[in-house]
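Chain residues, written in single-letter form:
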Amino acid sequence: MNHSGLGLTLGALAIPLICVASALSAEPESCASPEHIGPNGVLLRGAPMTEETPGLRPEEQAKKHVAERLDRAGLLYSGKVVTDHSKRMLKPPPAVSKYAGTEYVLASEPPRVDFGIIPVQPVFFSKSPVDSQSTNSNEAGPWACWSQANYDTRTGKFYSCIGDHGKYGGHIFPVEYDPAARTARCLPEINRTLGRGVSIFTDGKVHGWLDFYQSKHLENQHLWFCTYWAKYPEPDEEDYASGYTGGHIMSCDPLTGNYVDYGVPLKRASWPYHRMDTTRGIMYAVGMFSEFLAWDVNEQRTLWAGYLPDGMAWYVRALLIEEETGMVYCSNAHQRDPERHFLKYDPFKNRFSILECHVPATSSPPSELDRDMGTYAPMRAHTAHRGPDGLFWCATLSGQLFTFDPVKEEIVDRGPNWCGQQRYTASMARSPGGRYVYYAPGAHGHGYSDGSPLIQYDTRTGTRKVLVFFFPYYFEKYGYTAGGTFSIKLDEKGERLFMVWNGAFVEHEGDVLRGDVFGQCSVMLVHIPENERPE
């Protein structure tokens, strides 16, 4: 199916900015004489973790008991990384075994996989230090990774970010994996580095891309990101009254563990998705209520902050940037556009427009996650850059693959991304030569019911190849269930694929599997056999 057109431009005049502070407040409570980085940035030295964990909540104590019993190899607290290479990784689970050979093929050789639990403190949770005054809980947990991963070509290390969904005393850690040393570690905790005590509402996660960029005020490349609250749909009034004003723009120097805080660009907004245009130095973010942010990183000033013109709403889980032209795209989330046409933001004109192309219809029966999305589900994942074919490869929330040509403004349906029920995909990576797209369907913690597969999609032939089923292999050997991932990244040669899994040491009742699995995040580095990836 081919949805194409020249584009219908709406007169998108600038809407008055909403709640934008005249100066970004980035003064940390713990820093009496801050060192400024540019006009609004404040340098923050990574703060050490010095807190003690009180007694665990009863349900957390029960999780701890199960996890310690299932942890056969002593991985839960040790930070130890193990390596596996077994033909059993290529055994399909019952839910999808009947599709082998028709809907997908199996790799001829399993990959070598390094695996370890990310060392965090606390692993399990005590009661929140502040009781909620509403029906929205203030309790922390579970640990989870929602950010896109990245790779540092300077050091050969991979990065992602995890958070505990904390509201008071919450924890957010950037994670570093060193393949040479086979070690995973957490960089300094973000909320404590910001100077937040347990009486101030905190952000609970980072939910977008981690992008390397060196602004004119920095001496080297930093990882850039925005923070996001973990109380929905938003914090209560008493949470704002505690001193919380919204999600921050920040950058981290992974070589030193230091941060720069650029403050809150839009009061009472927090950022479930963000992405940096690393060619022009513009941080883009979308808020919980579809607020759109464009922020000039070098000048440290707002280009746009607020809602889109009538009839348009930026979807809160996608930001596709065409770095050659600087245009930014997503699918329309406005209720009057059920076909979800693509939206385009032009940063040079500071205008939005609706294109004639729209996402493809879901062609497979809906899964539990997307059955309420209607015929057309929003774009949820896409490759980072245009490939040699000039295309972005994308997936809707329902797992429908499609390509987007930003020159022709054309979308082409490529069919479902997977034959099982778990098609929700949140992260995609394309090989350097452009032939393969990698992804792991079942992102939201339930991928294991389809075997937690890692898919290599051949863009030339349309073949879906399973490189490895992570479940039940890791459950049977280590007691760990790999639930799903939002975070994958290839190295610069396309030889190794880094993944951060949301999963846990949990029990299953025979063939009766649990629901979404979160709680103990893990790193995996998949060494893709050379014969499985000829370009």
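Okay, so let's go over this structure. (Residues numbered from 1 in each chain as written. Predicted model: local features only at pLDDT ≥ 70, side-chain atom pairs only at ≥ 80, totals over all residues. Heavy atoms only, no water.)

Turning to the overall build of the protein, a few remarks are in order. The helix and strand inventory of the protein stands at five helices and 34 strands. Dimensions of the protein along its principal axes, counting C-alpha atoms only, are 60 × 60 × 45 Å. Looking at the protein residue by residue over its 535 residues, the buried ones come to 63%. Looking at the protein alone, contacts between residues at least 24 apart form 62% of all its contacts between residues at least 6 apart. (Helix = DSSP H or I, 4+ residues; strand = E, 2+ residues; numbered from the N terminus. Buried < 20%, exposed > 50% of the residue type's maximum accessible area, 1.4 Å probe, protein only. Contact = heavy atoms within 4.5 Å.)

With antiparallel pairing, six strands are arranged side by side in an open sheet as β2-β3-β15-β14-β13-β12. Each edge of the open sheet carries a strand with a single partner, namely β2 (35-37) and β12 (211-213). Across the sheet, the mean angle separating the axes of adjacent strands is 35° when strand polarity is ignored. With three bridges joining them, β12 and strand β13 (residues 222-226) adopt antiparallel strand pairing. Opposite phenylalanine 212, over in β13, you have leucine 223 as the bridge partner. (Pairing = 2+ DSSP bridges. Axes fitted to C-alpha atoms, helices over the stretch in contact; angles between N-to-C directions.)

Turning our attention to the sheet that holds strand β21 (residues 327-331). One open sheet accounts for four strands, arranged β20-β21-β22-β23; its pairing is antiparallel. The open sheet has two edge strands, β20 (320-322) and β23 (351-358), and neither has a second partner. On average, each strand axis in the sheet is tilted by 30° relative to the strand beside it, whichever way the strands run. When strand β22 (residues 341-346) meets β23, the two strands line up antiparallel, connected through five bridges. Paired with histidine 341 across the bridge in β23 is histidine 358.

Attention now goes to the pattern of salt bridges. This model, assessed by the stated rule, comprises 30 salt bridges. Between lysine 216 and glutamate 299 there is a salt bridge whose closest N-O contact spans 2.9 Å. Pair noted here: lysine 216 is in the loop between β12 and β13 and glutamate 299 is in the loop between β18 (292-296) and β19 (301-306), with a separation of 83 residues, a long-range link. For lysine 216, a relative accessible area of 53% puts it in the exposed group. The partner of aspartate 239 in a salt bridge is lysine 231, with the nearest N and O atoms 2.8 Å apart. A relative accessible area of 0% means that aspartate 239 is categorised as buried. Overall, the relative accessible area of 1% leaves lysine 231 in the buried class. By sharing partners, the salt bridges in this structure join Arg57, Glu59, Glu60, Lys63 and Glu139 into a single network. (Salt bridge = Lys/Arg side-chain N within 4 Å of Asp/Glu carboxyl O.)

A rise of 1.5 Å per residue sets the reference length of helix α1 (residues 58-70), with its 13 residues, at 18 Å; its end C-alpha atoms lie 19 Å apart and thus fit the reference within 8%. Within the span of α1, buried status applies to Glu60, Val66, Ala67 and Leu70. With its buried residues spanning 125° around the axis, α1 presents them on a single face. Residues of α1 that are exposed and point over 90 degrees away from its buried face: Pro58 and His65. Where α1 is buried, its residues contact α5 (473-478). (Expected span 1.5 Å × (residues − 1). Arc of directions from axis to C-beta.)

Take the layout of surface pockets next. Approximately 680 Å³ is the volume attributed to the largest pocket. Lining of the largest pocket is provided by 33 residues; of these, Asn150, Ala384, His385, Lys489 and Leu490 occupy positions nearest its centre. Counting residues per element, the ones that place at least two in the lining of the largest pocket are β8 (150-152), β12, β16 (273-277), β28 (428-430) and β32 (481-490). Per-class residue counts for the lining of the largest pocket are 13 nonpolar, eleven polar and nine charged. (1 Å grid on protein atoms, 1.4 Å probe; cavity = no way out; pocket = protein on both sides within 12 Å on 5 of 7 lines; lining within 4 Å. Points joined across faces, edges and corners; volume = space filled by probe spheres on them. Nonpolar A, V, L, I, M, F, W, Y, C, P; charged D, E, K, R; others polar.)

Ranked by size, the top nonpolar core spans 56 residues in total, and within it Phe115, Ile162, Phe470, Tyr474, Leu497 and Met499 carry the most contacts. With five residues, the top contributor of residues to this core is strand β33 (residues 496-504). In this structure methionine 499 touches Ala440, Leu454, Phe470, Thr485, Ser487, Ile488, Ser522, Val523, Met524 and Val526, once residues within four positions along its chain are discounted. Core analysis: the next-biggest nonpolar cluster, separate from the first, contains 26 residues, Met327, Tyr329, Tyr376 and Phe518 among them. (Core = buried A, V, L, I, M, F, W, Y, C linked by side-chain atoms within 4.5 Å.)

Here the focus is empty space enclosed by the protein. Applying the stated rule across the entire model yields two cavities of 30 Å³ or more. The calculated volume of the largest cavity comes to roughly 70 Å³. Lining the largest cavity, in full, are Leu76, Ile117, Ile118, Val120, Val123, Trp143, Ile162, Gly519, Gln520 and Cys521. Within the lining of the largest cavity, the residues separate by chemical class into eight nonpolar, two polar and no charged. Approximately 30 Å³ is the volume found for the second largest cavity.

Attention now goes to the packing of aromatic side chains. As enumerated under the stated definition, the model contains 41 aromatic pairs in all. When the ring of phenylalanine 115 is compared with that of tyrosine 480, the centres are 5.3 Å apart and the planes differ by 50°; the resulting orientation is tilted. One end of the pair, phenylalanine 115, is in strand β6 (residues 112-117); the other, tyrosine 480, is in the loop between α5 and β32, with 365 residues separating them in the sequence. For the pair shown, phenylalanine 115 and tyrosine 480 are each scored as buried. Counting every residue linked through ring pairs, the aromatic cluster contains Phe115, Phe470, Tyr473, Tyr474, Tyr478, Tyr480, Trp501 and Phe505. Over the ring of tyrosine 240 we find arginine 268, and its NZ or CZ is 3.9 Å from the ring centre. Over the aromatic face of tryptophan 209 sits the side chain of arginine 275, whose NZ or CZ is 4.0 Å from the ring centroid. (Phe/Tyr/Trp six-rings, centres within 6.5 Å; stacked < 30°, edge-to-face > 60°. Lys NZ or Arg CZ within 6 Å of the ring centre and 35° of its normal.)

The element β18 is largely enclosed, with a buried count of five among its five residues. The sheet contact formed by strand β17 (residues 282-286) and β18 spans five bridges and is antiparallel. Within β18, the position partnered with isoleucine 282 by the bridge is aspartate 296. Between β17 and β18, which pair antiparallel one after the other, the connecting turn spans five residues, and serine 290 there sits at a positive phi close to 70°. As paired elements, β18 and β19 share five bridges and run antiparallel to each other. In the strand pairing of β19, phenylalanine 292 is matched with glycine 306. Hairpin geometry of β18 and β19 is characterised by an intervening segment of four residues between the two adjacent antiparallel strands and by a positive phi of about 55° at glutamine 300.

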